[in-house]
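Coordinates in review
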Amino acid sequence: MKKNRLGKSDIMISELTLGCMSLGTDVNKAKEIIDVALDYGINHLDTADLYDFGKNEELIGEAVKNKRDQIVLTTKVGNHFDKEKKTWFWDPSKKYIEQAVKDSLKRLQTDYIDFYMLHGGTIDDPIHETIDAFEELKKAGHIRAYGISSIRPNVIHEYIEHSSIDGVMTQYSLLDRRPEETTLDLLHSNEVSVLARGPLAKGMLSNDAGKVIERKGNEGFLDYSYTELLEVQQGISHLMQHKLSQNTLALKYVQKHPAIATAVFGASRVEQIKENVEHQDTEQLTTAEYNKLKQLTKANVYTSHR
């Protein structure tokens, strides 16, 4: 599988990333899913300390402890949680980040994290303090690179201007094209890579899109109505005429923009890995196909990124 450089770092990540939040709690099943992903060339795993209040990191740590050198490992920080009470609050302070990274390293059974992300953020955060924390962790060798997971253009702008981030994870799909209007070109021009999460739009752009829309689309998606979702689905099917699977089409759409280093998908079954890697070795969408897909959808959904 093709690998792309993460920002200006020396980290090379596969163009597809396994999001680990959906792996469940069975370590043997998680190992199987991760092993299949590795066999297909996916080398990048994404988790967060908050997922299952630390248990997801523990699961991954156990699953990859004998193959750490094969994996680029990403986790996130900023949600100060109590695993016993199952509560958390937002805390991007330097003090918390410095403690949280130690806890994540222990749970992940590793002595370094490849890519460490702030798990959210607002313009009212102590941003310079947060940046200092990441820079010191990088200097100390606890992390190799850092970035943020954010859908907020104003926050992203602050980090581009004041930090040495190598990547931004943001929600992006054919049904949520807001980053095209707000951040993708800016990030690309500053050599900051984008990790696109939600490329299948909660399954509404997957191979089972019709069933998913019927089951979950009654209340719409973002500001698409149920009827509009069906129209998009029908338009995509007519346009592509089964040239590619729906999963492949959705992933290749987000991969088309040069800012995108990887598209992040979740999996709770081995079959979902296979669906998402299918046809990844085929050519990218043509410009004509890409533009026709854009015409089926909306450039701006909701009013803005929150």
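Up top is the structure these notes are about.
A short tour of the structure in this document, coming up. (Residues numbered from 1 in each chain as written. Predicted model: local features only at pLDDT ≥ 70, side-chain atom pairs only at ≥ 80, totals over all residues. Heavy atoms only, no water.)

**Notes on the nonpolar core**
- L18, L45, Y116, L175 and I273 are the most contacted members of the largest nonpolar core, which has 82 residues in total.
- When near neighbours in sequence (up to four residues on either side) are disregarded, L18 contacts I33, I34, A37, I42, H44, L45, D46, F265, A267 and I273.
- If you look at the next biggest cluster of nonpolar residues, it comprises 11 residues, including I11, I13, F115 and L195. (Core = buried A, V, L, I, M, F, W, Y, C linked by side-chain atoms within 4.5 Å. Buried < 20%, exposed > 50% of the residue type's maximum accessible area, 1.4 Å probe, protein only. Contact = heavy atoms within 4.5 Å.)

**Brief notes about the packing of aromatic side chains**
- Enumeration according to the criterion identifies 6 aromatic pairs in this entry.
- Plain terms: the ring middles of F53 and F81 are 6.0 Å apart, the flat faces sit at 65° to each other, and that makes the pair edge-to-face. One end of the pair, F53, is in the loop between β4 (44-46) and α2 (55-64); the other, F81, is in strand β6 (residues 79-82), and 28 residues separate them in sequence. Each of the two residues, F53 as well as F81, counts as buried.
- Between F53 and W88 the ring centres are 6.0 Å apart and the planes differ by 55°, which places this aromatic pair in the tilted class. Highlighted residues: F53 in the loop between β4 and α2 and W88 in strand β7 (residues 87-90), separated in sequence by 35 residues.
- F53 sits in the buried class, given a relative accessible area of 15%. (Phe/Tyr/Trp six-rings, centres within 6.5 Å; stacked < 30°, edge-to-face > 60°. Helix = DSSP H or I, 4+ residues; strand = E, 2+ residues; numbered from the N terminus.)

**Observations concerning helix α11 (residues 270-277)**
- When α11 is considered as a whole, its buried residues turn out to be V270, Q272, I273, N276 and V277. For α11, the angular spread of buried residues about the axis comes to 160°, placing them on one side.
- In this structure, the buried side of α11 is in contact with β3 (16-19), α1 (27-39), α10 (246-255) and β12 (260-266).
- Two residues or fewer past α11, H279 is found with a positive phi of approximately 65°. (Arc of directions from axis to C-beta.)

**Let's talk about helix α12 (residues 287-296)**
- By the burial criterion, the buried members of α12 are E289, Y290 and L293. End-on, the buried residues of α12 take up no more than an arc of 100°, which puts them together on one face. Along α12, the residues that are exposed and aim more than 90 degrees away from the buried face are T287 and Q295.
- Next to the buried residues of α12 lie α6 (178-182), α9 (226-240) and α10.

**Section: the pairing of strand β9 (residues 143-149)**
- Most of β9 sits out of view: 6 of its 7 residues are buried.
- The sheet contact formed by strand β8 (residues 113-118) and β9 spans 5 bridges and is parallel. Following the sheet pairing, F115 is matched in β9 by A145.
- Remark: the β8/helix α4 (residues 127-140)/β9 crossover connection has right-handed handedness.
- Handedness of the crossover joining β9 and strand β10 (residues 167-171) through helix α5 (residues 153-162) is recorded here as right-handed. (Pairing = 2+ DSSP bridges. Right-handed = clockwise from strand over helix to strand, strands pointing away.)

**Concerning the pattern of salt bridges**
- Scanning the model with the defined rule gives 13 salt bridges in all.
- Close ionic contact of D35 with K67 constitutes a salt bridge, the shortest N to O distance being 2.3 Å. Of this pair, D35 sits in helix α1 while K67 sits in the loop between α2 and β5 (72-77), placing them 32 residues apart in sequence.
- Taking relative accessible area as the criterion, D35 reaches 28% and is therefore assigned partly exposed.
- It is possible to trace a salt-bridge network through shared partners that takes in D10, R68, D114 and R144. (Salt bridge = Lys/Arg side-chain N within 4 Å of Asp/Glu carboxyl O.)

Note that all results are geometric; they support no functional claim without further evidence.
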